[in-house]
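Listed here are the chains, written in short residue letters.
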Amino acid sequence: YRRRTFRIFPAFYTFMAAWIFVLIIANRPVPWAHAGSAFLYISNYYNAIFGDPNNGFSHTWSLAIEEQFYLLWPTLFLILVKRPDRMHVVLGLIIASVWVYRAVLCFAFNVDQGYLYAAFDTRFDSLLVGCLLAVVLHRRLYSGAITSLTSSPWLPLLTCLVLILAIYFPQISGITIPRYRDVFGFMLTPPLIAILIA
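A brief look at the structure comes next. In every chain, residue numbers begin from 1 and rise along the written sequence. Only residues with pLDDT of 70 or above have their local features reported here, since the model is predicted, and side-chain atom pairs are shown and tallied only from 80 upward, although totals for entire chains, interfaces and linings are computed over all residues. With hydrogens and water stripped out, all remaining heavy atoms of the structure feed into the side-chain values.

### Structural notes on the nonpolar core
Consideration 1: By convention a nonpolar core is built from buried Ala, Val, Leu, Ile, Met, Phe, Trp, Tyr and Cys residues, the set being connected through side-chain atoms within 4.5 Å. Here the term buried applies to any residue with accessible area under 20% of the maximum for its type, exposed to any over 50%, and partly exposed to those in between, with areas from a 1.4 Å probe on protein chains only. Counting 31 residues, the largest nonpolar core has Phe69, Trp73, Leu91, Phe124 and Leu128 as its most contacted members.
Consideration 2: Among the elements that take part in this core, helix α7 (residues 120-138) stands out by supplying nine residues, more than any other.
Consideration 3: Any pair of residues with heavy atoms lying within 4.5 Å of one another is described as a contacting pair. If we skip the residues at most four places from it in the chain, Phe124 touches Phe69, Ile94 and Val98. Secondary structure elements are taken from DSSP: a helix is a run of H or I of four residues or more, a strand is a run of E of two residues or more, and numbering for both begins at the N terminus.

### Concerning helix α9 (residues 155-173)
Consideration 1: The first and last C-alpha atoms of α9 sit only 23 Å apart over 19 residues, clearly below the 27 Å expected at 1.5 Å per residue.
Consideration 2: In this scheme, the bend at a residue equals the angle between the axes fitted to the seven residues that finish there and the seven that begin there. The largest bend along α9 measures about 70° and falls at Ile167, with the proline Pro170 one to four residues further on.
Consideration 3: Residues Thr159, Leu163 and Ala166 constitute the buried set of α9.
Consideration 4: On its buried face, α9 sits against α10 (180-197).
Consideration 5: One or two positions beyond α9, positive phi appears at Gly174, with a value near 80°. Each residue after the first adds 1.5 Å to the expected span of a helix.

### Considering the packing of aromatic side chains
Consideration 1: The aromatic pairing rule takes the rings of Phe, Tyr and Trp, using the six-membered ring of Trp, and pairs them if the centres are within 6.5 Å, calling planes under 30 degrees apart stacked, those over 60 edge-to-face and the rest tilted. According to the stated counting rule, one finds 18 aromatic pairs in the structure shown.
Consideration 2: Ring centres of Phe120 and Phe124 lie 5.0 Å apart, and the angle between their planes is 15°; this geometry places the pair in the stacked category. On the criterion of helical spacing, the pair formed by Phe120 and Phe124 is a turn pair, its members being four residues apart in helix α7. The pair Phe120 / Phe124 is uniform in exposure class, with both members buried.
Consideration 3: Ring geometry for Tyr180 versus Phe184: centroids 5.9 Å apart, planes at 35°, classification tilted. With Tyr180 and Phe184 both in helix α10 and four residues apart, this pair spans about one turn of that helix.
Consideration 4: Since its relative accessible area comes to 10%, Tyr180 is described here as buried.
Consideration 5: Site record: aromatic cluster; members linked through ring pairs are Phe9, Phe12, Tyr13, Phe15, Phe39, Tyr41 and Phe57.
Consideration 6: A positively charged side chain is recorded as over a ring if its NZ (Lys) or CZ (Arg) lies within 6 Å of the ring centre. The angle to the ring normal must also be within 35 degrees. Sitting over the face of the ring of Tyr117, Arg123 holds its NZ or CZ atom 5.2 Å from the ring centroid.
Consideration 7: A cation over a ring is seen here: Arg123 above Phe186, with NZ or CZ 3.9 Å from the ring centre.

Functional significance is not addressed by these values, which are geometric in nature.
Here it is in structure tokens:
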């Protein structure tokens, strides 16, 4: 936590102060509510609930998700590390649960895409996929599959192609799939990026 604080907070709060200073000097309104949410690393929920106001603090939603994740991940890790043989299974189940949760929010409750895009509860699976990859690589699980994925210099290019297809499938195929990005795009992209990293 100390390392992360020294790595992120000084740069971020310097940016915040500089941006507010620029707005004041330019005699432009300062979005204090949004700035406050950014200061507290909850701007993702500000954007999710009130909509993205498209200002200099809009991009802080992803940093907020990251910081919220790193508040919870160490505790979850300490619980899971007691049974290291099951860690990858539990992480996989949590990730799959977020996918189902996001689909339910979309199709059963018609939750706005702005919420699904920015809220921690709908996006932390992306970071958890990275943690699952680290566990799999560290414990040398599925080494045969990983060796196959990394056996040719062409396979990363293939993965990139599949990633592009996953992101732009409706546009490329001409097939209209309701809420594609919110349900399928957010589900397919993190594992493909994990494969690319591997």
